[in-house]
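# Architecture and fold: a report
As a plain string of letters, each chain reads:
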Amino acid sequence: MSFHKQPKDDTQHQNHLDGTAKLLGLDLQEEAERSGLDNHFQRWIEDLKDVNNPELHQLVTDLQDLKAHFNGGSIDKDKVAQLLGRLGENTTKAAVFAENPNTAERVEKLGAALTAAAAQVK
């Protein structure tokens, strides 16, 4: 028997986007220690890879860097702020790739949350 990964539907994507935006409003260091942040990053990376859009490659790379940074122990606030800022900008731009308007709106909100988190870290 082979396992085929079922694609996520828009509701699942929207719930994940909402959860990630909410998480970014919390204390990121505290969330990293609980491993909730790591799980969100990993699901987000997988979602972006599943889209298979080369325009989203920088988002995947930055998320992988951010995930690795939070797993590395001490936090370099300048590096985290830089990554979050770039993720915010690129996530907002990526909203045009969402086929569902409700998903696009959530992607834009996530971009704003990432930008706000970058400012908070600074």
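See the structure printed just above.
Residues numbered from 1 in each chain as written. Predicted model: local features only at pLDDT ≥ 70, side-chain atom pairs only at ≥ 80, totals over all residues. Heavy atoms only, no water.

Within the protein, the secondary structure is distributed over six helices and zero strands. When the elements of the protein are put in sequence order from the N terminus, they spell out α-α-α-α-α-α. Counting every position in the protein, which comprises 122 residues, the buried fraction comes to 39%. Accessible surface for the protein amounts to roughly 7400 Å². Of this, 49% is attributable to carbon and sulfur atoms. (Helix = DSSP H or I, 4+ residues; strand = E, 2+ residues; numbered from the N terminus. Buried < 20%, exposed > 50% of the residue type's maximum accessible area, 1.4 Å probe, protein only. Areas by Shrake-Rupley, 256 points an atom, 1.4 Å probe, with all protein chains shown as cover.)

You can see Ala 104 is positioned in helix H6 (residues 101-121). Discounting residues that sit within four places of it in the chain, Ala 104 has contacts with Ala 95 and Ala 98. (Contact = heavy atoms within 4.5 Å.)

Turning our attention to the environment of Lys 22. Checked against the element boundaries, Lys 22 lands in helix H1 (residues 10-24). Separated by 88 residues in the primary sequence, Lys 22 and Leu 110 place their C-alpha atoms 8.7 Å from one another.

Let us look at H1. Counted at 1.5 Å a residue, the expected span for H1 with its 15 residues is 21 Å, and the 21 Å between its end C-alpha atoms agrees. Restricting attention to buried positions, one finds in H1 the residues Gln 14, His 16, Leu 17, Thr 20, Leu 23 and Leu 24. (Expected span 1.5 Å × (residues − 1).)

This brings us to the nonpolar core. Ranked by internal contacts, the top residues of the largest apolar core, which has 28 residues, are Leu 66 and Leu 84. Of all the secondary-structure elements, those providing two or more residues to this core are H1, helix H3 (36-51), helix H4 (57-71), helix H5 (77-94) and H6. A total of seven residues in this core trace back to one element, the largest contributor, which is H6. Those residues in contact with Leu 66 that sit more than four places away from it in its chain are Phe 41, Val 80, Leu 83, Leu 84 and Leu 87. (Core = buried A, V, L, I, M, F, W, Y, C linked by side-chain atoms within 4.5 Å.)

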